[in-house]
Amino acid sequence: MPEPKIRKVLTIVEDIFHEGGPVSEVPLKRGAVIAVIENPFAGSYHEDIAGFMKDLEPLGLDMATRLLNALGGDAKAIQGYGKGSIIGQAGELEHGALWHAPGGYAMRDVLGNAKAIVPSTKKVGGPGTRLDVPITHINASYVRSHFDAMEVGVPDGPRANELAFILVMTTGSRIHARVGGLNAADIKGEDGLR
């Protein structure tokens, strides 16, 4: 398989102080990194595509490291994560699914002992397409305060023959989370769920 051909990498960081309620003493940081790469399968159907996942592993690790550094560099400060793909119009949804293992395992590796599955979404679209990337707690998917999403996109991508692979991390729960459920402080950490 070919090595990924990167056209650009975007990094976005938000500092959220409030959502209409009291101003938080410590703002929530929410960040995303997006790599726009050439889609080697664009334009025609290919039966065997799974091998490209291995080729994407270094990209996943680089992106996860970039994002962690953009959010301050402290893996212990990261509490939420998610991933996604936007597939250019000459590709197919399955090309975006190639990001599941390289993107998810890269974040789990960079963050240390993260136990929860990394939530994901994908869609086919043209330049400027926006994607709501789902976010959950890194160690327990049932922590309701950390159910979130970050809307991201690339102004000039993905082009028809490109893929936009996305990683998202956060430093905490929604800024005014107060709807109950499992608290982060009560995580047992046995199965990535609770």
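Our subject in this report is the structure included herewith. (Residues numbered from 1 in each chain as written. Predicted model: local features only at pLDDT ≥ 70, side-chain atom pairs only at ≥ 80, totals over all residues. Heavy atoms only, no water.)

**Some words on helix 1 (residues 52-70)**
Here helix 1 contains 19 residues, and its C-alpha end-to-end distance of 27 Å stays within 8% of the 27 Å for a straight helix at 1.5 Å per residue. At Pro58, helix 1 shows its maximal kink, close to 30°. Listed as buried for helix 1 are Phe52, Leu56, Leu59, Gly60, Met63, Ala64, Leu67 and Leu68. Packed against the buried residues of helix 1 are strand 1 (6-16), strand 2 (28-38), helix 3 (100-111) and strand 7 (162-170). (Helix = DSSP H or I, 4+ residues; strand = E, 2+ residues; numbered from the N terminus. Expected span 1.5 Å × (residues − 1). Bend = angle between axes of the 7 residues up to and from the residue. Buried < 20%, exposed > 50% of the residue type's maximum accessible area, 1.4 Å probe, protein only. Contact = heavy atoms within 4.5 Å.)

**A word on the packing of aromatic side chains**
The final tally for this structure, using the stated rule, is 2 aromatic pairs. With a centroid separation of 5.7 Å and 85° between ring planes, the pair formed by Phe41 and Phe52 is classed as edge-to-face. With a gap of 11 residues between them, Phe41 in the loop between strand 2 and helix 1 and Phe52 in helix 1 connect regions that are remote in the sequence. We classify Phe52 as buried; its relative accessible area is 1%. Between Trp99 and Phe165, the ring centres sit 4.6 Å apart and the planes meet at 10°, which makes this aromatic pair stacked. Residue Trp99 is found in the loop between helix 2 (93-97) and helix 3, and its partner Phe165 is found in strand 7; the two are separated by 66 residues along the sequence. (Phe/Tyr/Trp six-rings, centres within 6.5 Å; stacked < 30°, edge-to-face > 60°.)

**Digging into the nonpolar core**
Formed by 30 residues in total, the largest nonpolar core has its most connected members in Ile37, Leu56, Leu59, Tyr81, Leu167 and Met169. Elements with a minimum of two residues in this core: strand 2, helix 1, strand 3 (80-87), helix 3 and strand 7. Looking at this core element by element, the count peaks at 7 residues for helix 1. Counting 14 residues, the second-largest nonpolar core is a separate cluster that includes Ile86, Leu131, Val133 and Ile135. (Core = buried A, V, L, I, M, F, W, Y, C linked by side-chain atoms within 4.5 Å.)

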